[in-house]
Amino acid sequence: LGNLNMRTRFFHTAVSHAALALLASSAALAGGSSVQLSTPRCAAVGQDMVVDVRIGAGAPDVVGLQSAISYNGTVLQFLGEEPGDAPFDLPIYFAHNGSAQKIDMAVGISPESAPSTGNVVAKRLCFRVIAPGTDCTPEQLVTFRKDPKIRNLLTDSNGTPISPTLAALNEVNLGGAPSL
């Protein structure tokens, strides 16, 4: 009986340690980092709107970002992309599919620019508001999408993927009145 109790305690201790290690590795994978879509709060029909793809503060030595994004083509017309802020100076991949309203992209940092710890715009996406939105919630305009080929992730200086928290577009008012 004493041997059984000792084995049971060992098993529970091993399971507890494994659970803690799994939680720690999940936290390390996320790295406390985020990728956010942000834009000015008001845009009227006919106006241009820039959506920043921003890496949140506290990212662990990030050197790359890849994202799969979709947008509402009945409200927004894609105009093009612009570089982000330094040190994100290395365009890697950009594809726009207008009929599917999808954008796939990857951007990096050239080696001499060193890694970034976040709080930086990695890419800017330019849109024209072509119709008033019936529902101006962010998810209806520009959002991250799940894609089997392009994962939404960051990469650290060792090439390790970091799964960030994805933050949706902030509220946008597509009418004449200011947002509250």
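No experiment lies behind these values; they were computed from the predicted model shown.

## Let's talk about the nonpolar core
- Core analysis: the biggest nonpolar cluster contains 31 residues, and Ile 55, Leu 65, Ile 69, Leu 76, Leu 125, Phe 127 and Val 142 have the highest contact counts within it.
- Among the elements that line this core, the one with the most residues is strand S7 (residues 120-129), at five residues.
- Every residue in contact with Leu 65, bar those within four places of it in the chain, is listed here: Val 35, Val 53, Ile 55, Met 105, Ala 106, Val 107, Ala 122, Leu 153 and Leu 154.

## Quick look at the side chain of Ser 70
- Summarising the element assignment, Ser 70 is placed in strand S3 (residues 62-71).
- Beyond its immediate stretch of four places on either side in the chain, Ser 70 contacts Gln 101, Lys 102, Leu 141, Val 142, Thr 143 and Arg 145.

## Observations concerning a nonpolar patch on the surface
- Among the surface-exposed residues, Leu 90, Ile 92 and Tyr 93 lie close enough to one another that they form a single nonpolar patch of about 290 Å² accessible area.
- Positionally, Ile 92 belongs in strand S5 (residues 90-97).

## Quick look at the sheet that holds strand S11 (residues 165-167)
- Taking strand neighbours across the sheet as the criterion, the five strands line up as S4-S7-S2-S1-S11 in an open arrangement whose pairing is mixed. Only two strands of the sheet have a single partner each, and these edge strands are strand S4 (76-83) and S11. For this sheet the average axis-to-axis angle between neighbouring strands, irrespective of direction, equals 15°.
- Bridge count between S4 and S7: seven bridges; the pairing is antiparallel. Considered in S7, the bridge of Gly 80 is made with Cys 126.

## Considerations on unusual backbone geometry
- Look at the link from Ala 86 to Pro 87: it is a cis peptide, with omega at 10°.
- Looking at the element boundaries, Pro 87 is found in the loop between S4 and S5.
- Non-glycine residue Gln 101 carries a positive phi angle of around 55°.
- The topology assignment puts Gln 101 in the loop between S5 and strand S6 (102-108).
- The partly exposed category is assigned to Gln 101, whose relative accessible area is 27%.
- In this structure, Asn 119 takes a positive phi of about 55° despite not being glycine.
- With respect to the helices and strands, the residue Asn 119 is situated in the loop between S6 and S7.

## So, the environment of Ser 116
- The topology assignment puts Ser 116 in the loop between S6 and S7.
- It is 8.4 Å that separates the C-alpha atoms of Ser 116 and Phe 88, two residues lying 28 residues apart in sequence.
- A polar side-chain atom of Ser 116 sits 3.0 Å from the main-chain amide nitrogen of Gly 118.

## Describing the pattern of salt bridges
- Across all of its chains, the model carries six salt bridges by this definition.
- In this structure, Asp 52 and Arg 124 form a salt bridge, with 3.4 Å as the shortest nitrogen-oxygen distance. Here the residue Asp 52 occupies a position in strand S2 (residues 48-55), and Arg 124 occupies one in strand S7, the gap between them amounting to 72 residues. Arg 124 shares its class with Asp 52; the two are buried.
- Taking the shortest distance from any N to any O, the salt bridge between Asp 147 and Arg 145 comes out at 3.0 Å. Of the two residues, Asp 147 and Arg 145, neither departs from the other in class, the shared state being buried.

## Here we look at the pairing of strand S9 (residues 153-156)
- Note that S3 and S9 share four bridges and pair antiparallel. Pairing of Val 62 across the sheet is with Asp 156, part of S9.
- Of the pairings in the sheet, the one linking S9 to strand S10 (residues 161-162) comprises two bridges and is antiparallel in character. Its bridge partner being in S10, Leu 154 is matched across the sheet by Ile 162.

Definitions and cut-offs
- Residues numbered from 1 in each chain as written.
- Predicted model: local features only at pLDDT ≥ 70, side-chain atom pairs only at ≥ 80, totals over all residues.
- Heavy atoms only, no water.
- Core = buried A, V, L, I, M, F, W, Y, C linked by side-chain atoms within 4.5 Å.
- Buried < 20%, exposed > 50% of the residue type's maximum accessible area, 1.4 Å probe, protein only.
- Helix = DSSP H or I, 4+ residues; strand = E, 2+ residues; numbered from the N terminus.
- Contact = heavy atoms within 4.5 Å.
- Patch = residues over 30% accessible without salt bridge, like charges linked within 9 Å, V, L, I, M, F, W, Y side chains within 5 Å.
- Areas by Shrake-Rupley, 256 points an atom, 1.4 Å probe, with all protein chains shown as cover.
- Salt bridge = Lys/Arg side-chain N within 4 Å of Asp/Glu carboxyl O.
- Pairing = 2+ DSSP bridges.
- Axes fitted to C-alpha atoms, helices over the stretch in contact; angles between N-to-C directions.
- Polar contact = N/O pair within 3.5 Å; in protein donor to acceptor, adjacent residues only side chain to side chain.

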